[in-house]
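Breakdown of the fold
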Amino acid sequence: MTDDTEIDIERLDEDAARTELARLADLLAGADAAYHTEDAPVMSDAAYDRLKRRNAAIEARFPELKRADSPSDRVGARPAEGFAKVTHAQRMMSLGNAFAPEDVSAFDTSVRKYLGMGPGTVAYTAEPKIDGLSLSLRYEQGELVQAATRGDGAVGENVTANALTIEDIPQRLTDAPDLLEVRGEVYMSHADFAALNARQAARGGKSFANPRNAAAGSLRQLDAEITRSRPLRFFAYGWGALSEPLAETQMGAIARLKALGFSTNDLTRLCKGPEELLAHYRVIEEQRATLGYDIDGVVYKVDDLALQARLGFRSTTPRWAIAHKFPAETAWTRLEAIDIQVGRTGALSPVARLTPVTVGGVVVSNATLHNEDYIAGRDSSGAPIRDGKDIRIGDWVQVYRAGDVIPKVADVDLSKRPEGAEPYIFPRKCPECGSDAIREEGDSVRRCTGGLICPAQAVEKLKHFVSRAAFDIEGLGAKQVEQFHADGWIAEPVDIFALRDRYGSGMQQLKNREGWGEKSAQNLFAAIDERRTIPLNRVIFALGIRHVGEVGAADLARHYTRWPAMIASLDAARPAMERHLKAEAAVLAERAAAAKEGRRARVTDTRAAIWAEDPPLPAGARAAWEDLVGVDGIGTTVAVALVTAFAQPAERASIDRLVAQLDIQPVEAPDTADSPVAGKTVVFTGSLEKMTRAEAKARAEALGAKVSGSVSKKTDLLVAGPGAGSKAAKAAELGIETIDEDGWLELIGAA
Ligand code: IVH
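Below or above, wherever it landed, is the structure these notes cover. (Residues numbered from 1 in each chain as written. Predicted model: local features only at pLDDT ≥ 70, side-chain atom pairs only at ≥ 80, totals over all residues. Heavy atoms only, no water.)

Digging into unusual backbone geometry
- Going from Asp614 to Pro615, the amide bond is cis rather than trans, its omega being -5°.
- One can find Pro615 in the loop between α21 (603–611) and α22 (621–629).
- One non-glycine residue with positive phi stands out, namely His370, at about 65°.
- Tracing the backbone through its elements, the reader meets His370 in the loop between β14 (362–368) and α11 (372–376).
- A positive phi angle, close to 75°, is found at His547, a residue other than glycine. (Helix = DSSP H or I, 4+ residues; strand = E, 2+ residues; numbered from the N terminus.)

Here we look at α22
- Buried within α22 we find Ala621, Ala624, Trp625, Asp627 and Leu628. Projection of α22 onto a plane perpendicular to its axis shows the buried side chains occupying an angular sector of 160°, all on one side. (Buried < 20%, exposed > 50% of the residue type's maximum accessible area, 1.4 Å probe, protein only. Arc of directions from axis to C-beta.)

Some words on the sheet that holds strand β4 (residues 133–140)
- As summarised here, the arrangement of the 4 strands in space is β5-β4-β7-β8, forming an open sheet in which the pairing is antiparallel. Of all strands in the sheet, those with a lone pairing partner are β5 (143–149) and β8 (233–242), marking the two edges. Neighbouring strand axes in the sheet, compared pairwise and without regard to direction, differ in orientation by 30° on average.
- Of the strands in this sheet, β7 (179–187) and β8 are in contact with helix α8 (residues 250–259), which crosses β8 at around 115°. (Pairing = 2+ DSSP bridges. Axes fitted to C-alpha atoms, helices over the stretch in contact; angles between N-to-C directions. Contact = heavy atoms within 4.5 Å.)

Re the pattern of salt bridges
- Scanning the entire structure with this criterion turns up 53 salt bridges.
- With a closest N to O distance of 2.8 Å, Glu695 and Arg310 form a salt bridge. Placement of the pair is Glu695 in helix α25 (residues 693–702) and Arg310 in helix α10 (residues 305–311), with a sequence separation of 385 residues.
- On the accessibility criterion, Glu695 (2% relative accessible area) is buried.
- One salt bridge in this structure joins Asp436 and Lys429, with 2.7 Å as the shortest N-O distance.
- Relative accessible area serves as the criterion here: at 40%, Asp436 is assigned to the partly exposed category.
- According to the relative accessible area criterion, Lys429 is partly exposed, its value standing at 47%.
- Salt bridges sharing partners connect three or more residues here, namely Glu372, Asp373, Arg378, Arg428, Arg439 and Arg446. (Salt bridge = Lys/Arg side-chain N within 4 Å of Asp/Glu carboxyl O.)

Looking at the sheet that holds strand β10 (residues 295–302)
- Read across the open sheet, the 5 strands follow the order β2-β11-β10-β3-β9; overall the sheet is mixed. In the strand order of this sheet, the two ends are held by β2 (97–98) and β9 (269–271), each with one partner.
- Alignment of strand β3 (residues 124–130) against β9, held across 3 bridges, turns out to be antiparallel. Opposite Thr125, over in β9, you have Leu270 as the bridge partner.

Structure representation (structure tokens):
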């Protein structure tokens, strides 16, 4: 990937790397400027991308040399058609959901547990959850300089011109912090929505399905004059980057935003605990129908901003807030057919095809039936659900829809069952490839055993691969993937990266297809090339390995930091995983035998005997396995799925082919220049008194440490509170440094 004049990245020393980064920053900035201001770009997309990848690779080797004006941070320097991209100074998060009152007390409990506080000690705000789209408004010296949509949370679209047409959004603020990002929801009132749809109909234009779609469609107009003609509104409910705090509490901050001239929601209340939250939820629910705008729940937030800061964020949601959604809507209709869909892990999922019915304003014609037990009227343990009533084709069924969640079939009316309706027989063969579909013990799902030969699994894997949290390739969504797969253009992920080579710059075949032209083909290639440089966590998630979700992938990436290190470790762990599975099977057998013979099961001995069996495990195997299982958030289920996936020769070859096309970026270590624990593996044990385990872990990770659940040779530091037991003993045995909680706080400068 280097040309003749460029030095191989592996051979650069620090000085040469610094000079090279400066050269690349210069070249790329020049190329950007030429691209934007002149009609004659100075280099091809491919050359541009190659330089960007080289820059990123050097930065990955010398993170400390990354420049303040690094080209890597200029996302969307070459915007596709439409809006320019905006990287949010602070990510725009989403919210976790609560549905039942128990979820609300569980939220309060988890907040207090994290903080180590007693019942009734944390106050919350409760306010309507507006059903619109979120917007971030950036004010500098009181002047609105930028408005951006949420996008994927990290990068949104620049809609400043459009936002300036919205009356509720002040252009200028007096007495505001020098830097203030105000966040809130753009929405359309019921009256304005009805009037807009009437106008659209009169003009023969398209009408909108609901106020939220109308608001989104109106804000995202390339011509801001169209936005001006659409009556949008804005409620402020939060903030992003700030040069100084707005207040000490959420309530105070909202009052400050109101004083600055923003519309804030009058139904916002301060509540002392879960009971008061639920009481205010009922108040808001009662007013829902007469508010004049759509809301879909109530948002609860910890009021004290210092506590919010301690609680912080999970990967995509704050720990200090939750959305309590209004209950699902239901309707009755006819079940016309049951189709079986095959997912990327081979799961056979039954889908109900329904006579279309409106459920809470949305027309529903498909709903999930979960799995074969659900259709048969029992849960995974065999206990009856719906009083044991099974579901048959032709039945009169109740459909249930909650928010954006996939509708489901909830109940069946036996009095309306057609005569001669037969119990549904769940297929034993994959409807897509004909392979056997089997249910493993303890699994509620029947799976196709066809693996890579099953076209449905392949397509679903590809769709997952290009999904938002994975490769997120602009212009390559589920629909395009299906089409390309059907045409035989892409069979596995790596084929995506060969599209340009294989089909030529003109993309003759693509060009001739409806909906595609030269320009869109070129845009697609550019978008694909942009993703050749990609963070490790996204690659892990994109592989679609069973049980490895977005959060698990991020945990693994943080732990291993680099692809080669992860692969080496997973390969090394494999013989130990096999031993683990054998040992656990032996333990099960021993338990059964002991129960039969009426004696105590010898669990520890059984396990130890298997681990000690001949031939001995290769050196490092057990350590690699324990290291993996010890990654916080990764249990044995995930570990087995992961090691097994990489051990399948066909799957592994496909992964290796893919990786050869990528420049996988190591995990960006948090800014830990002067952190004493950066890169160290820390284990907490015993009880902590000044902070909870969860908070200690989050803080340690923010300082660049790895937190592990078990002590091994790799452990650098054990923080042991009172009551520490076997872990402290093991640390002593291995000669690992052990300190108490105060020592830890002192070490991280928090004492
Ligand atoms: S607070 C970090 N408050 O709901 C938390 N969000 O499902 C930021 N929303 O993306 C969100 N009303 O677009 C918050 N009163 C409210 C809201 C609200 C509507 C939206 C927002 C967010 C989504 C999450």
